[in-house]
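Here is how the chains run, residue by residue.
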Number of protein chains: 2
Amino acid sequence: MQSLHTGQVTIVGTGLLGGSVGLALRAQGFTGTIVGVGRREQTLEAAKQCGCIDRGTTTLAEGVADADLVILATPVSVILSALAEIAPVLSPEAVVTDVGSTKQSIVARAEAELQHPSRFVGSHPMAGGAQTGPEAGDADLFTGKPVIVTPTDRTDADALEQVEGLWSDLGMRLSRMTPEAHDVAVARISHMPHAAALMLVNLAKAADLEVASTGFENMTHAALGDPNMWADIFLDNAEAVTQVLSEWRELWDGFEQIVRERDRAGMLKLLQNTQQTRHNWQQQRRPNSGA
Amino acid sequence: MQSLHTGQVTIVGTGLLGGSVGLALRAQGFTGTIVGVGRREQTLEAAKQCGCIDRGTTTLAEGVADADLVILATPVSVILSALAEIAPVLSPEAVVTDVGSTKQSIVARAEAELQHPSRFVGSHPMAGGAQTGPEAGDADLFTGKPVIVTPTDRTDADALEQVEGLWSDLGMRLSRMTPEAHDVAVARISHMPHAAALMLVNLAKAADLEVASTGFENMTHAALGDPNMWADIFLDNAEAVTQVLSEWRELWDGFEQIVRERDRAGMLKLLQNTQQTRHNWQQQRRPNSGA
């Protein structure tokens, strides 16, 4: 794996994810320059204070002009619009990646807009948290977490190696998928869980909320997430989400039938199989965890 | 509120909830005797070692015969069958309550089976945890949590006072509901969240699980819960769960329409309103919490 040790990395968007990439790069021994691009001087200053970036700029073109690697770490809609803006100023050899939660639209836009589409490699590090801003940045945010990389037929092998090397250096577990497969997978494991949290909040009437407790709290915590970021995700991934909503409906139909028929054997089988699947997943993910 | 300070309390089922009731009673200055009833000597011995109970018995009739207050803290199906067993041996003044997650069937069975139905008061303390067994017992398990008490027209005022006094002494926030209203409320705030965790595990294909991360982990943790206990709950509460499943379906229809129509304004409004509701709930519940 070809890792980046020197040169200039430009991180566009120095929030929790972007800031953590900067911290983690430095912690892994990167000795080049880390440039941050942001909308607000204040955030850039905070990112500098935290050691996430060496210097910041509010001018996107200036920030990426001399970059060897550009990491787009803004909400999806801003990644989409940034691609056209950076295209004219990127150096021909610069590798571009992103951390967006959807991939089809971003990869398609990158390949359409960039002058050297073979240098773009879509990424989705499956890391994050409830907190926001570079102050919440954490060099260990990525350790042991999965990252999905979505090269296409047009992607240069060395660009792919460099992006996989980046995430690998940060301790992530690499998976490769097509952008299409990625979008369906995350609709199932990330977007539907988020939507379920939203719907559970809306299911509860005011009187129910009075007596809601820890179970409700845990299952709806995600509903506190940023509305703009999630509007971007659901709408940008509307096609895959719609497909997965049909699968979701079928599962609920099966559950409802078991409940209606008071089918104790069927209910026990469902509960036991589900517990087993969830348990196996946890063991695979964190072999030493008790849960 | 009339509190219990002396006499005999019998806790049937000395798992996490029953054990914690014992610990909390003692911590609140109860000076009488706490008797535990269990199926296994081993669990009773553990409950005694933890200070959850003073003595244990595997014979239900013997355990409740001299009780002033009986607390049924087993899974729902065992509560239902225990009622007929304790009926002939209870003293006429003994107050009986339970901690079951459903109330219509339990209250109906209690009023049908007990010789003094006016002494029964259904309860549902909304407290619990991932752990099980008396060793996980915690005197603070109930502090600040809601408890729903479900008296009927037949309930004696002093029995109600004693049961409300018990939970109040343990630091719980009291709500009164009819058994019917209780079952619909918990279907919305507890049973559907649990079902959602199950369905999310089943929605994920094996390849998706490879890249699932923290969001999936948090939203599916409940699926590790005890299959027998949850089969009891879903089937005992089948009527309310079925009703709430229609409400649930309508919410998803609305969500799907917004996604299909790429309705950004509608999506933002949904996300913002939901965030606000969830935020207000959290503030009300834990005024000093940051989340």
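Structure: above.
Residues numbered from 1 in each chain as written. Chains lettered and ligands numbered in written order. Predicted model: local features only at pLDDT ≥ 70, side-chain atom pairs only at ≥ 80, totals over all residues. Heavy atoms only, no water.

Colleague: Give a detailed account of the environment of B:S190, specifying residues and quantitative values.
Modeller: Residue and element names in this part refer to chain B. Relative to the elements of secondary structure, S190 occurs in helix α7 (residues 179-203). We classify S190 as partly exposed; its relative accessible area is 22%. Taking the C-alpha atoms as reference, S190 lies 19 Å from V107; in sequence the two are 83 residues apart. (Helix = DSSP H or I, 4+ residues; strand = E, 2+ residues; numbered from the N terminus. Buried < 20%, exposed > 50% of the residue type's maximum accessible area, 1.4 Å probe, protein only.)

Colleague: Could you give me a rundown of the interface of chain A and chain B, with the residues and numbers involved?
Modeller: Note: interface size is frequently given as the accessible area lost on complex formation between the parts. Taken together, the contact pairs 84 residues of chain A with 84 residues of chain B. Surface buried jointly by chain A and chain B totals about 8300 Å² across both partners, of which 68% is contributed by carbon and sulfur atoms. Seen at the junction of chain A and chain B, the total is 10 salt bridges. Notably, a salt bridge pairs B:R188 with A:D208, separated by 2.7 Å at the nearest N-O pair. The tally of links from chain A across to chain B stands at 28 residue pairs in polar contact (both at pLDDT 80 or more). Secondary structure elements with two or more residues in the side of chain A that touches chain B: β7 (146-150), β8 (173-176), α7 (179-203), α8 (206-211), α9 (214-220), α10 (227-236), α11 (238-260) and α12 (264-285) of chain A. Among the elements that make up the side of chain A that touches chain B, the one with the highest residue count is α11(A) (17 residues). Residues belonging to the side of chain A that touches chain B are distributed by class as follows: 46 nonpolar, 17 polar and 21 charged. (Contact = heavy atoms within 4.5 Å. Buried area = accessible area lost by both parts, 1.4 Å probe. Salt bridge = Lys/Arg side-chain N within 4 Å of Asp/Glu carboxyl O. Polar contact = N/O pair within 3.5 Å; in protein donor to acceptor, adjacent residues only side chain to side chain. Nonpolar A, V, L, I, M, F, W, Y, C, P; charged D, E, K, R; others polar.)

Colleague: So, the packing of aromatic side chains: which residues are in play, and what are the values?
Modeller: As enumerated under the stated definition, the model contains 14 aromatic pairs over all chains in all. Ring centres of A:F255 and B:F234 lie 5.2 Å apart, and the angle between their planes is 85°; this geometry places the pair in the edge-to-face category. Of this pair, A:F255 sits in helix α11 while B:F234 sits in helix α10 (residues 227-236), which puts the two residues in different chains. Take A:F255 and B:F234: they sit in the same class, and that class is buried. Ring geometry for A:W281 against B:F216: centres 5.1 Å apart, planes inclined by 80°, an arrangement best described as edge-to-face. Here A:W281, found in helix α12, pairs with B:F216, found in helix α9 (residues 214-220), and the two come from separate chains. Accessibility assignment for this pair places A:W281 and B:F216 in one class, buried. An aromatic cluster of three or more residues is present, and its members are A:W230, A:F234, A:W248, A:W252, A:F255, B:W230, B:F234, B:W248, B:W252 and B:F255. (Phe/Tyr/Trp six-rings, centres within 6.5 Å; stacked < 30°, edge-to-face > 60°.)

Colleague: So, the pairing of strand β4 (residues 69-72) of chain B: which residues are in play, and what are the values?
Modeller: Residues and elements named next belong to chain B. Residues L69 and I71 point to one face of β4 and V70 and L72 to the other, with burial holding for every one of them. Sheet analysis places strand β1 (residues 8-12) next to β4, joined by 4 bridges and oriented parallel. Looking at the pairing, V9 lines up with L69 of β4. Summarising the sheet, β4 and strand β5 (residues 95-98) pair through 4 bridges and their orientation is parallel. Residue V70 lies in a different strand from β5, and its bridge partner there is V96. The β-α-β motif built from β4, the intervening helix α4 (residues 76-86) and the parallel element β5 has right-handed crossover chirality. (Pairing = 2+ DSSP bridges. Right-handed = clockwise from strand over helix to strand, strands pointing away.)

Colleague: Kindly report on the sheet that holds strand β1 (residues 8-12) of chain A, identifying the contributing residues and their values.
Modeller: All names here are of chain A. Strand order across the open sheet formed by 8 strands is β3-β2-β1-β4-β5-β6-β7-β8, with mixed pairing between neighbours. The open sheet has two edge strands, β3 (55-57) and β8, and neither has a second partner. Strand after strand, the sheet turns through a mean of 25° between neighbouring axes, direction not considered. Judged from the 3 bridges that link them, strand β2 (residues 33-37) and β3 form a sheet pairing that is parallel. Pairing of G36 across the sheet is with G56, part of β3. Here helix α6 (residues 157-169) sits on the sheet and contacts β4 (69-72), β5 (95-98), β6 (120-125), β7 and β8; the angle it forms with β6, its principal contact strand, is near 20°. (Axes fitted to C-alpha atoms, helices over the stretch in contact; angles between N-to-C directions.)

Colleague: Could you give me a rundown of the sheet that holds β5(B), with the residues and numbers involved?
Modeller: All names here are of chain B. Read from one edge to the other, the open sheet built from 8 strands follows the order β3-β2-β1-β4-β5-β6-β7-β8, with strand pairing classed as mixed. The open sheet has two edge strands with one neighbour each: β3 (55-57) and β8 (173-176). On average, each strand axis in the sheet is inclined to that of its neighbour by 25°, with strand direction left out of account. The sheet strands contacting α7 are β6 (120-125) and β7 (146-150), and the helix crosses β7 at an angle near 145°.

Colleague: Report on the relation of the copies chain A and chain B, specifying residues and quantitative values.
Modeller: Under the fitted operation, chain A is carried onto chain B by 0.0 Å of movement along the axis and a turn of 180°, and the coordinates agree to an RMSD of 0.0 Å. Here the transformation between the copies is reduced to the relation of a two-fold axis. Residue A:M219 of chain A places its C-alpha closer to the rotation axis than any other residue of that unit, at 2.8 Å. By residue overlap, the copies meet face to face through one surface: 100% of the interface positions of chain A are interface positions in chain B. (Least-squares fit on C-alpha atoms with pLDDT ≥ 70 in both.)

Colleague: Quick rundown of the side chain of A:T14? Include the residues and the values.
Modeller: Note on placement: A:T14 falls in the loop between β1 and α1 (16-27). Beyond its immediate stretch of four places on either side in the chain, A:T14 contacts A:G19, A:G36, A:V37, A:T43, A:L44, A:A47, A:I53 and A:P134.

Colleague: How would you explain the packing of α7(A) against helix α11 (residues 238-260) of chain B if you had to name every residue and give the values?
Modeller: Orientation of α7(A) relative to α11(B), taken along the N-to-C sense of each, is 125°, at an axis distance of 10 Å. Taken together, the axis directions place α7(A) and α11(B) in an arrangement best described as oblique. Here the hand of the crossing between α7(A) and α11(B) comes out right-handed. Across the interface between the two elements, A:M192, A:A195, A:A196, A:M199, A:L200, A:N202 and A:L203 of α7(A) pack against B:V244, B:E247, B:W248, B:L251, B:W252 and B:F255 of α11(B). In terms of residue class, the contact of α7(A) with α11(B) is made up of 11 nonpolar, 1 polar and 1 charged. (Parallel < 35°, antiparallel > 145°, perpendicular 65-115°, else oblique. Left-handed = near helix turned anticlockwise from the far one by under 90°.)

Colleague: Describe helix α5 (residues 104-113) of chain B, with residues and values.
Modeller: Residue and element names in this part refer to chain B. By the burial criterion, the buried members of α5 are I106, V107, A110 and E111. Projected onto a plane normal to the axis of α5, the buried residues spread over an arc of 125° and lie on a single side. Buried-residue contacts for α5 involve α4, β5, β6, β7 and α7. (Arc of directions from axis to C-beta.)

Colleague: Which residues make up the nonpolar core, and what values go with them?
Modeller: If you look at the biggest cluster of nonpolar residues, it comprises 108 residues, and the most contacted ones within it are A:W248, A:F255, B:W248 and B:F255. In this structure B:F255 touches A:A195, A:M199, A:F234, A:V241, A:L245, B:M267 and B:L270, once residues within four positions along its chain are discounted. (Core = buried A, V, L, I, M, F, W, Y, C linked by side-chain atoms within 4.5 Å.)

Colleague: With reference to specific residues and values, describe the side chain of A:K145.
Modeller: The residue A:K145 is located in the loop between β6 and β7 in this model. In this structure, A:K145 is buried with no salt-bridge partner, the nearest side chain bearing the opposite charge being A:D138 at 7.3 Å. Those residues in contact with A:K145, other than ones at most four positions away along the chain, are A:M126, A:A127, A:G171, A:M172, A:R173, A:R285, B:S213 and B:T214. (Lys, Arg positive; Asp, Glu negative; His and termini not counted.)

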